[in-house]
Amino acid sequence: MTQGVLEQTSAEAAGETSTSTKYVYFFGGGQADGNGKMKDVLGGKGAGLAEMTNAGLPVPPGFTIQTEACREYMRGKLNSRIDKEMREALKRLEEMQGQKLGAGDNPLLVSVRSGAKFSMPGMMDTILNLGLNDKAVEALAKRSQNPRFAYDSYRRLIQMFGDVVLDIPKKKFEHIFDGVKHREKVKFDYELTPEALKDIIAEYKKLVKKETGKDFPQNPMEQLVAARDAVFRSWNNDRAKTYRRINHIDDWLGTAVNVQAMVFGNLGENSGTGVGFTRNPATGEHTFFGEYLMNAQGEDVVSGVRTPMPISELEKAMPQVYDHLKTITWKMEKHYRDMQDFEFTIQDGKLYMLQTRNGKRTGLAAVRVAIDMVREGLITQEEAIFRVEPNQLYDFLVPRLVEKGEKIEVLATGLPASPGAAVGQIVFTAEDAVKHHANKSYKSIILVRGETTPEDIAGMEVADGILTSRGGMTSHAAVVTRGMGKCCVAGAGDCTVDEAKRELRVKGKTFKQGDWISLDGTTGRVIAGQLKTLPAQPDDPELVKFMSWVDPVRRLRVRANADIPRDAKQARAFGAEGIGLCRTEHMFFAEDRIEHMRAMILADNEKDRRAALKKLLPMQRADFVGLFKAMESLPVTIRLLDPPLHEFLPKREDLLVQIATLEATKPKSPKLKELRSLLKRVEELHEMNPMLGLRGCRLGITFPEITEMQVRAILEAAVAVKAKGGNPHVEIMIPLIGSIEEMRNQTAIVRRIADEVFAQKGAKVDYMVGTMIELPRAALTADQIAEEAEFFSFGTNDLTQTTFGISRDDINNFLPAYLKYGIFKHDPFATLDQAGVGQLVGSATARGRNTRPTLKVGICGEHGGDPESVKFCHKIGLNYVSCSPFRLLTARLAAAQAALQEKQTGPDLHTGAK
């Protein structure tokens, strides 16, 4: 679903804030200053805490510093009232708890957590146990009568504070910690004695002094202010910016900061912490789902450091707590009318709720939950349509491993964290994943980690699958990959991952970087070698039912880009309502045709060209017959030859090597003459900028016999299919038109050949002639072009190239820098640039329909399958979008959501169309 965009007033944009702005909102004692509807102000976490408090749930008290404070921090100046209101809220918290922050015999400790409007799991920072210092830790040890708990809490604070606030690399703390564990000969953290933990604290403090030149701060208020500002800073860390870009979240929303009294899951064996969902986030099954750890803090569950236990085990260990938790969370689901993702802590046998939010889920789960909630009466069918992200429907099309007839070696079985299958070459760091993806040195990538961290987000984005040796179903890897729709196997404990040596060791075998493995994210299996995969079938009964709700509400039609009958049949299976782009050039690369195509190109006169084209004619005709049959009565848009002719010839460099080799080894070979002739023609066709050279309609104007052959093949095929009872709907598209004169030239040829074919065959078919708008000049003169064109199809790939002056083949040379510095929010070839390219599309549509009110308009670039771009196409009144077959479900849902959004809010009149 589209994430909201912050609407700033002119005063806010200038860095001014209203004097009436309330910055800090308190919650506790069954009453909160805010409520669950205030996500813009309090963030999702803060709004949830307020709502749970107002509902009388057991929520530790605290306060939320609202998102405007973060925006002020980003502008470089915090209002002095923020500190004043924060101190007042802290005093209120201390009075409610009967404690003082970091002072006295019973010191108050707090957590400091981020919380944006939209859930961004693990992308920003958290600090626990804040308020501890050298004196407070002794008071805590005495009060709790548990020195180990007290010192463990203090070492966690120093490590988190050092990492998040002081920017000391986490690995330096881990090196100290692992060294003491090795010295003490213990395997698990909780086996460390109080004395060992005191040694760790001492070493941590030395590290802080060495790295910063200052002692670890002992003043609790100094800790709190520094932690608050660090959470604000974390809004703009690299992983958070990457996550926002992937999920279309506006950079100026900012995060709230939640300061909450600590409750301790690491107080002893009667304490614990966990996370859960009111339904299974992988399958959508209506079962209580989650994980927990006893004698642990929340970070232990989600970080993957320890593999947690399923929440069903809690029913045996603490049945009263389990029943209470189950009752509370299902009440929350009914209240929010959506599946809930919750966090809880048990302190000395008492349950506390720390968070609730709408839970992230796979596409499979999203559809099932939506259908079940309609059946349960919680939501309407229209609401259900918004409960599934358009891109999530790709989950129904994820590949499956081919196992029949294959010798399968299962190396390990972990947790099925995110469904589907992935086959790829191993990498061990996010950086390596990004590198091998960028230079295409690996065909597909499996990112293998001990556990993933939020810093891995860029590598996870480009990986085909993720494998971790630690962590559970709610670990970072599991949550993030489910949101991305990628395959993930987590917590494969039999696997040893040595990231330093770049080795995966399992079952006595060692796999190195670049070796192939296969993952089954549906069963959790890790399999040796490179298995084949099968595409999923889109006939899942729940998907079919969901789409039966989706399709009737959309106005925008959805077609597929398909070049051959096999692709057309696949497109029909995925719900295509026609072919929006058939690229005829792809038909010429087949082995039985390329020879004739090259003969046509090499011909130096029209007679020889026509002779070669005559041999291609029956082949083209057969292709079109297959397309028309596959699509039955649905429209088929066929683009005439578009690419430069040199693309059908060998590369100049390859020819030079072949000629040099033959001259050296077989100087009398008759093939030399053929190769030299080919080289001569390649050099004649060489262009400095072939994408702006002899291509598109310029080919048909320069060599009209090419247009004649293709039109004849199209219309003869249509007549043949009609003669056998078919009902073909033919749309002939002229590419790369820039002027009305070019359009008239090519349209005249199409009409003339059509008349000849119909006269020869004694039969007619209806057909339309239109053009692909892919040049800014065509968009600007669309009113003139529409005098001849009966339809427009925007080729937004080339239109983006020619509007920006950017080659889509070379954009990756600088795209990372543009994304990093915020020059681009997204790759303009993936998501339509609505402000620039979109304005051309909108204005050209309006201009064209001014001339020809019945003008049919669509787009056929990659943007046709991008949800944001599809919604824009609906908004400006296009008739259809066309995309690859595997994006059809996504486009259909995005179109339905756009129609429902318009129904709810009214049409957006500011579309850029004039």
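Residues numbered from 1 in each chain as written. Predicted model: local features only at pLDDT ≥ 70, side-chain atom pairs only at ≥ 80, totals over all residues. Heavy atoms only, no water.

S.K.: What is the right way to read the packing of helix 21 (residues 594-602) against helix 22 (residues 606-631) from this model?
M.R.: Each pair of packed helices can be described by the angle between their axes along with the distance between the axes. Their axes nearest at 8 Å, the elements helix 21 and helix 22 cross at an angle of 155°. Comparing their axes, helix 22 and helix 21 come out roughly antiparallel. Crossing handedness for the pair helix 21 and helix 22: left-handed. The residues of helix 22 that touch helix 21, namely those facing His-596, Met-597, Ala-599 and Met-600, are Arg-609, Ala-612, Leu-613, Lys-615, Leu-616 and Met-619. Among the residues making up the contact of helix 21 with helix 22, the classes are represented as seven nonpolar, one polar and two charged. (Axes fitted to C-alpha atoms, helices over the stretch in contact; angles between N-to-C directions. Helix = DSSP H or I, 4+ residues; strand = E, 2+ residues; numbered from the N terminus. Parallel < 35°, antiparallel > 145°, perpendicular 65-115°, else oblique. Left-handed = near helix turned anticlockwise from the far one by under 90°. Contact = heavy atoms within 4.5 Å. Nonpolar A, V, L, I, M, F, W, Y, C, P; charged D, E, K, R; others polar.)

S.K.: Any chance you could explain the nonpolar core here in plain terms?
M.R.: Soluble, globular proteins show a tendency: their nonpolar side chains are buried together. By size, the foremost hydrophobic cluster in this structure holds 129 residues, and its most contacted members are Leu-393, Phe-546, Phe-624, Phe-628 and Leu-715. Among the elements that make up this core, the one with the highest residue count is helix 22 (11 residues). The contact partners of Phe-628, leaving out residues within four places of it in the chain, are Val-636, Ile-638, Ile-714, Ala-717, Ala-718, Val-721, Pro-728 and Val-730. Core analysis: the next-biggest nonpolar cluster, separate from the first, contains 87 residues, Ile-82, Leu-207, Ile-249 and Val-462 among them. (Core = buried A, V, L, I, M, F, W, Y, C linked by side-chain atoms within 4.5 Å. Buried < 20%, exposed > 50% of the residue type's maximum accessible area, 1.4 Å probe, protein only.)

S.K.: Would you mind showing me how to read the pattern of salt bridges here?
M.R.: When charged atoms on two side chains of opposite charge get close, those side chains can pair. Inspection of every chain in the model, using the stated rule, returns 74 salt bridges. Between Arg-712 and Glu-756 there is a salt bridge, with the nearest N and O atoms lying 2.7 Å from each other. Here Arg-712, found in helix 26 (residues 704-723), pairs with Glu-756, found in helix 27 (residues 740-761); they are 44 residues apart in sequence, far enough to count as distant. The exposure class assigned to Glu-756 is partly exposed, which follows from its relative accessible area of 29%. Several salt bridges share partner residues, and in doing so they unite Glu-606, Arg-610, Glu-708, Arg-712, Arg-752 and Glu-756 into one network. (Salt bridge = Lys/Arg side-chain N within 4 Å of Asp/Glu carboxyl O.)

S.K.: Even after reading the chapter, I still don't get the pairing of strand 1 (residues 24-28), so can you show me in this structure?
M.R.: Along any regular strand the residues' side chains alternate between the sheet's two faces. Burial within strand 1 is extensive, with five of its five residues counted as buried. Sheet topology note: the strand 1/strand 3 (residues 62-65) ladder contains four bridges and is antiparallel. Considered in strand 3, the bridge of Phe-26 is made with Phe-63. Note that strand 1 and strand 2 (residues 31-32) share two bridges and pair antiparallel. When the bridges of strand 2 are listed, Phe-27 appears paired with Ala-32. Connecting strand 1 to the antiparallel partner strand 2 that follows it, the hairpin turn spans two residues, and Gly-29 within it adopts a positive phi of roughly 65°. (Pairing = 2+ DSSP bridges.)

S.K.: Would you mind showing me how to read the state of the cysteines here?
M.R.: Disulfide: a covalent bond formed between the sulfur atoms of two cysteine residues. Across all of its chains, the model carries zero disulfides by this definition. Here Cys-883 stays unpaired: no disulfide links it, and the sulfur of Cys-873, its closest cysteine neighbor, is 11 Å away. Judged by its relative accessible area of 1%, Cys-883 is buried. (Disulfide = S-S within 2.5 Å.)

S.K.: For this particular structure, what's the right way to read the sheet that holds strand 5 (residues 126-130)?
M.R.: Strand pairing in a sheet takes place through backbone hydrogen bonds and is either antiparallel or parallel in direction. One open sheet accounts for six strands, arranged 2-1-3-6-4-5; its pairing is antiparallel. One side of each edge strand has no neighbouring strand; the edge strands of this open sheet are strand 2 and strand 5. Across the sheet, helix 4 (residues 80-97) touches strand 1, strand 3, strand 4 (110-116) and strand 6 (255-261), and the angle it forms with strand 1 is around 10°.

S.K.: For this particular structure, what's the right way to read the side chain of Asn-295?
M.R.: Examined against the element boundaries, Asn-295 turns out to sit in the loop between strand 8 (289-294) and helix 11 (298-303). Judged by relative accessible area, Asn-295 falls into the buried class, the value being 14%. Here Asn-295 is in contact with Gly-265, Asn-266, Leu-267, Gly-268, Glu-269, Ser-271, Gly-272 and Arg-306, once residues within four sequence places are set aside.

S.K.: Help me understand the environment of Ile-311, please; the structure alone is not making it clear to me.
M.R.: Residue position: Ile-311 is located in the loop between strand 9 (309-310) and helix 12 (312-317). Under the relative-accessibility criterion, Ile-311 is labelled buried at 2%. Ile-311 sits 94 residues away from Pro-217 along the chain, and the two C-alpha atoms are 38 Å apart. Leaving out residues up to four positions away in the same chain, Ile-311 has contacts with Phe-288, Phe-289, Gly-290, Glu-291, Tyr-292, Tyr-322, Leu-325 and Phe-344.

S.K.: How should I be thinking about the sheet that holds strand 32 (residues 880-883) in this particular structure?
M.R.: Pairing is parallel in the closed barrel, where eight strands are placed in the order 25-26-27-28-29-30-31-32. Each neighbouring strand pair of the sheet contributes to a mean axis angle of 25°, computed without reference to strand direction. Across four bridges, strand 30 (residues 791-794) lies against strand 31 (residues 856-859) in parallel orientation. If you follow Ser-793 over to strand 31, its bridge partner there is Gly-858. Lying over the sheet, helix 32 (residues 837-851) contacts strand 30 and strand 31, oriented at roughly 175° with respect to strand 30. Packing against the sheet, helix 34 (residues 888-905) makes contact with strand 25 (557-561) and strand 32, and its axis sits at approximately 160° to strand 25.

S.K.: Which parts of the structure should I look at to understand helix 4?
M.R.: Because an α-helix completes one turn every 3.6 residues, residues spaced three or four positions apart along the sequence face the same direction. The terminal C-alpha atoms of helix 4 lie 26 Å apart, and with 18 residues this matches the ideal 26 Å at 1.5 Å per residue to within 8%. Ile-82, Glu-85, Met-86, Ala-89, Leu-90, Leu-93 and Glu-94 are the residues of helix 4 that are buried. Among the structural elements, strand 1, strand 3, helix 3 (67-75), strand 4, helix 9 (220-234) and strand 6 are those in contact with the buried residues of helix 4. Taking the backbone nitrogen of Arg-81 as reference, a side-chain oxygen 2.8 Å away marks Asn-79 as the first, capping residue of helix 4. Phi for Gly-98, located one or two positions after helix 4, is positive at around 70°. (Expected span 1.5 Å × (residues − 1). Polar contact = N/O pair within 3.5 Å; in protein donor to acceptor, adjacent residues only side chain to side chain.)

S.K.: Please explain unusual backbone geometry as it appears in this structure.
M.R.: The phi torsion of most residues other than glycine is negative, and most of the peptide bonds are trans. Although it is not a glycine, Asp-167 sits at a positive phi angle of roughly 60°. Assessed through its relative accessible area of 61%, Asp-167 is described here as exposed.

S.K.: Got a minute to help me understand the confidence of the model for the protein chain in this structure?
M.R.: Should pLDDT be low for a region, the predicted coordinates there are not to be read in detail. For the protein chain, per-residue confidence averages 90 on the pLDDT scale, and 96% of positions sit at 70 or higher. Below a pLDDT of 50 lies the segment residues 1-16, which in the model reaches 28 contacts outside its immediate sequence neighbourhood of four places, other chains included. The low-confidence segment residues 909-914, where pLDDT is below 50, has 12 contacts with residues more than four positions distant or belonging to other chains. (pLDDT = per-residue confidence, 0-100.)

S.K.: Help me understand the packing of aromatic side chains, please; the structure alone is not making it clear to me.
M.R.: What characterises a pair of aromatic rings is the spacing of the ring centres plus the angle enclosed by the ring planes. Considering all chains together, one arrives at 16 aromatic pairs under this definition. Taking the centre distance of 5.4 Å and the plane angle of 75° together, the rings of Phe-161 and Phe-216 count as edge-to-face. Of this pair, Phe-161 sits in helix 6 (residues 147-164) while Phe-216 sits in the loop between helix 8 (194-212) and helix 9, and the two are 55 residues apart along the sequence. The two residues Phe-161 and Phe-216 agree in class, both being buried. One aromatic cluster is present, formed by Phe-288, Tyr-322, Trp-330, Phe-342 and Phe-344 through successive ring pairs. Of note, Arg-244 hangs over the ring of Trp-235, and the distance from its end group to the ring centre comes to 4.0 Å. Stacked on the ring of Tyr-880, the Lys or Arg Arg-559 has its end atom at 3.9 Å from the ring centre. (Phe/Tyr/Trp six-rings, centres within 6.5 Å; stacked < 30°, edge-to-face > 60°. Lys NZ or Arg CZ within 6 Å of the ring centre and 35° of its normal.)

S.K.: What exactly am I supposed to notice about the pairing of strand 15 (residues 421-427) here?
M.R.: Burial of strand 15 is extensive: seven of the seven residues sit out of reach of the surface. The sheet contact formed by strand 15 and strand 22 (residues 516-520) spans five bridges and is antiparallel. Across the sheet, the residue bridging to Gly-424 is Ile-517, located in strand 22. Traced from strand 15 through helix 16 (residues 430-439) to strand 16 (residues 445-449), the parallel crossover comes out right-handed. (Right-handed = clockwise from strand over helix to strand, strands pointing away.)

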